[in-house]
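# A look at the structure
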Amino acid sequence: QVQLVESGGGLVQPGGSLRLSCAASGSIFSINAMGWYRQAPGKERELVATITSGGSTNYADSVKGRFTISRDNAKNTVYLQMNSLKPEDTAVYYCNADISSGRHYVSHVYWGQGTQVTVSS
């Protein structure tokens, strides 16, 4: 019923930049918090950044000062601007969103399919 689709991943050199996008579609009544997570091989999925419907943000210590999360409520889209990328940023990046949807406005946390970010020289 609700889908999240990420885009913008790819291969970049250390120190470079990428901008990830995640668009939500479907029978959406409202979107509460949205966020970005990442998972590298052999590691647990970790929170990267979150943003509330009011625009309040929170970041993992490892990305503070380098990444910026933002959202366009009219487009049901969340973005992650990634600057000064490091090899340790290499991971599959997933977006998620707490969404009330459907005929009965059921609240549920949805996940995107993931997009690969590789930082390598």
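Now for a quick tour of the structure.

Rules and cut-offs
Residues numbered from 1 in each chain as written. Predicted model: local features only at pLDDT ≥ 70, side-chain atom pairs only at ≥ 80, totals over all residues. Heavy atoms only, no water. Phe/Tyr/Trp six-rings, centres within 6.5 Å; stacked < 30°, edge-to-face > 60°. Helix = DSSP H or I, 4+ residues; strand = E, 2+ residues; numbered from the N terminus. Lys NZ or Arg CZ within 6 Å of the ring centre and 35° of its normal. Contact = heavy atoms within 4.5 Å. Pairing = 2+ DSSP bridges. Axes fitted to C-alpha atoms, helices over the stretch in contact; angles between N-to-C directions. Salt bridge = Lys/Arg side-chain N within 4 Å of Asp/Glu carboxyl O. Buried < 20%, exposed > 50% of the residue type's maximum accessible area, 1.4 Å probe, protein only.

## Some points on the packing of aromatic side chains
For the coordinates displayed, the defined rule picks out 2 aromatic pairs. With 4.4 Å between their ring centres and 40° between their planes, Phe 29 and Tyr 105 make a pair best called tilted. Highlighted residues: Phe 29 in strand S4 (residues 28-39) and Tyr 105 in the loop between strand S9 (91-101) and strand S10 (106-111), separated in sequence by 76 residues. Over the aromatic face of Tyr 94 sits the side chain of Arg 45, whose NZ or CZ is 4.0 Å from the ring centroid.

## Looking at the side chain of Ser 21
Looking at the secondary structure, you find Ser 21 in strand S3 (residues 18-26). In this structure Ser 21 touches Val 5, Glu 6, Ser 7, Trp 36, Val 78 and Tyr 79, once residues within four positions along its chain are discounted.

## Concerning the environment of Thr 57
Among the secondary structure elements, Thr 57 is positioned in strand S6 (residues 57-59). For the pair Thr 57 and Arg 71, spaced 14 residues apart in sequence, the C-alpha separation works out to 10 Å. If we skip the residues at most four places from it in the chain, Thr 57 touches Thr 50, Ile 51 and Ile 69.

## A closer look at unusual backbone geometry
Its identity is not glycine, yet Asn 76 carries a phi of approximately 50°, on the positive side. Mapped onto the elements, Asn 76 comes out in the loop between strand S7 (67-72) and strand S8 (77-82). Notably, Tyr 105 is not glycine yet its phi reads approximately 55°, a positive angle.

## Concerning the sheet that holds S8
Note: strands within a sheet are paired through backbone hydrogen bonds, in either parallel or antiparallel orientation. One open sheet holds the 4 strands; their spatial order is S1-S3-S8-S7, and the pairing between them is antiparallel. Two strands lie at the open edges of the sheet, namely strand S1 (2-7) and S7, each paired on one side alone. Strand-to-strand twist across the sheet, computed as the mean angle between neighbouring axes with direction ignored, equals 15°. As paired elements, S7 and S8 share 6 bridges and run antiparallel to each other. Bridge pairing in S8 places Phe 67 opposite Met 82.

## Remarks on the pattern of salt bridges
Inspection of every chain in the model, using the stated rule, returns 4 salt bridges. Here Glu 46 makes a salt bridge to Arg 38, at a shortest N to O gap of 2.8 Å. For Glu 46, a relative accessible area of 29% translates into the label partly exposed. Salt-bridge contacts for Asp 89 lead to Arg 38; the nearest nitrogen and oxygen are separated by 2.9 Å. Residue Asp 89 is located in the loop between S8 and S9, and its partner Arg 38 is located in strand S4; the two are separated by 51 residues in the primary sequence. Arg 38 matches Asp 89 in its accessibility class, with the two residues each being buried.

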